Amino acid sequence: MALKIRKAAVIGSGVMGASIAAHLANAGVPSLLLDIVPDSLAAGEEAKGLTLADSAVRNRLALGALARLPSVHPSPFYDDAFASLIEPGNIDDDLHRIRKVDWVIEAVVEKLSVKRDVLERIERYWRTGLIVSSNTSGISIREMAEGRSEAFKAHFLGTHFFNPPRYMKLLELIPGQQTDPAIVSGMAEFAERILGKGVVVAKDTPNFVANRIGTYGLLATLQAMEAGGFTVEEVDAVTGPAIGRPKSATLRTLDLVGIDTFLHVANNVFEKTDDPAEKAAFAPSKLLRELASRGWIGEKACAGFYKKV
Ligand code: NAD
């Protein structure tokens, strides 16, 4: 079955949501990009006399993400003019507009409770035929959909994009137990033909395939780094171009992903496994927790293993 995706909505305008919307735009698919409504004014807004009722404030997070996208290097857009295909908004005022889209992609923080809450809100405006997917890195699709109707569950699956979506070809599709197989095959066909992805269908196990392996590798590297007292530069030097991997092979990857997000992703396996070896491998890294406690959560905060100036 060929899917007709004329318009999409992306919920969450962070590292991934904004750049997924950009990649949809690259493929000519317009989207809504919705984030939360801020609960207080920022300094610049106060100075301009704005209030919490103004749309510039209510849409601040999605507007800010959209403004930053064209300046990200390498650009998430094939052409910066494609940014006009993305309409910024917020989940309180604009969620009803998903009635007019064909695909909703949830890309909010990697926490089951938040994702469940967002899905519950999405279902209020859901209609038969509207595909809903999650960009989760490894939370159970079945657990996320608990409490939703059978019809909704048939339209719900994981669509796990990799960072940055314009450049990373892999897309994991994760059907839940009740996902309609025609939607899975339709999404695979759409993602390959229109979005230029290479699709792998993964089972609904903690962190699916790529992050089960990738997270393990990154955590093992961090453990070796801490035990051996290696520097950031040493680790990147010996795990990067010198052995045929990209410049951003290890610690730069963590900065790109977001250290807060990576801690959640490691925790997806840590919390679910009973295997003591896996428990030890996926245990929260002390070093990452230390960085996160200082707010050094990577590129999005302009500080992580590297400082962005
Ligand atoms: P992020 O922290 O950069 O952004 C999350 C965004 O969600 C924030 O802008 C936040 O304000 C918003 N948000 C939180 N609660 C919300 C709600 N109730 N409604 C609307 N928006 C809400 O996180 P991210 O890195 O973009 O990750 C998003 C998802 O994508 C996670 O599930 C993550 O595991 C997954 N993912 C991340 C990467 C990566 O490299 N960062 C890669 C693949 C998948």
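Reading the values: the criteria
- Residues numbered from 1 in each chain as written.
- Predicted model: local features only at pLDDT ≥ 70, side-chain atom pairs only at ≥ 80, totals over all residues.
- Near = placed C-beta within 6 Å.
- Helix = DSSP H or I, 4+ residues; strand = E, 2+ residues; numbered from the N terminus.
- Nonpolar A, V, L, I, M, F, W, Y, C, P; charged D, E, K, R; others polar.
- Domains from an automatic or database assignment.
- UniProt positions renumbered as here; feature names shortened; annotations may be inferred.
- Core = buried A, V, L, I, M, F, W, Y, C linked by C-beta atoms within 7 Å.
- Buried ≥ 20, exposed ≤ 12 C-beta atoms within 10 Å, placed from the backbone.
- Contact = placed C-beta atoms within 7 Å.
- Pairing = 2+ DSSP bridges.
- Axes fitted to C-alpha atoms, helices over the stretch in contact; angles between N-to-C directions.
- Arc of directions from axis to C-beta.

Tell me about the site of the ligand, residues and numbers included.
As a matter of local geometry, the ligand sits amid 28 residues, with Gly12, Gly14, Met16, Ser137 and Asn163 nearest to it. At the level of secondary structure, the elements contributing two or more residues to the shell around the ligand comprise helix H1 (15-26), helix H6 (112-123) and helix H13 (259-272). For the shell around the ligand, the element with the highest residue contribution is H1, accounting for 3 residues. Across the shell around the ligand, the residue classes tally to 15 nonpolar, 10 polar and 3 charged. Both of domain 1 (8-201) and domain 2 (210-301) provide at least three residues apiece to the shell around the ligand.

Give me the lowdown on the UniProt feature "signal peptide" (unreviewed entry) in the chain, citing residues and values where you can.
In the UniProt entry, the feature "signal peptide" (unreviewed entry) is given for residues 1-27. Here residues 1-27 is 44% helix and 15% strand, with 19 Å between the C-alpha atoms at its ends.

Provide a residue-level description of the nonpolar core, including the pertinent values.
Grouped together as the largest cluster of nonpolar side chains are 58 residues, with contacts concentrated most on Ala8, Ala9, Val10, Ile11, Ala21, Leu33 and Val104. Considering each element in turn, this core owes the most residues, 8 residues, to H1. Excluding anything up to four places from it in sequence, Ala8 contacts Leu24, Val29, Ser31, Val101, Asp102, Trp103 and Ile105.

Now, about the sheet that holds strand E1 (residues 8-11): what can you tell me, with residues and values included?
Note on sheets: strands pair through backbone hydrogen bonds, and any given pair is parallel or antiparallel. Reading across the sheet, the 8 strands line up as E3-E2-E1-E4-E5-E6-E7-E8 and stay open at both edges, with mixed pairing between neighbours. Here the strands that pair on one side only, and so sit at the sheet edges, are strand E3 (86-90) and strand E8 (198-201). Averaged over neighbouring strand pairs, the angle between their axes works out to 25° when direction is ignored. Note that strand E7 (residues 170-175) and E8 share 4 bridges and pair parallel. Within the sheet, the bridge partner assigned to Leu171 lies in E8 and is Val199.

Explain the domain arrangement of the chain to me, and be specific about the residues and the numbers.
The accessible area lost on association of the parts is a frequent measure of interface size. Taken domain by domain, the chain consists of domain 1 (8-201) and domain 2 (210-301). Its C-alpha centre places domain 1 at a distance of 25 Å from the equivalent point of domain 2. When its residues are assigned to classes, the side of domain 1 that touches domain 2 shows 3 nonpolar, 3 polar and 3 charged.

Quick one: what's the story with helix H15 (residues 286-293), residue by residue and with numbers?
Along an α-helix, a turn takes 3.6 residues, which lines up residues three or four apart on a common side. All of the buried residues along H15 are Leu288, Leu291 and Ala292. Buried residues along H15 cover an arc of 100° about the axis, so they all sit on one side. Facing away from the buried side of H15 by over 90 degrees, the exposed positions are Lys286, Arg289, Glu290 and Ser293. Note on H15: the residue one or two positions beyond its end, Gly295, has a positive phi of about 80°.

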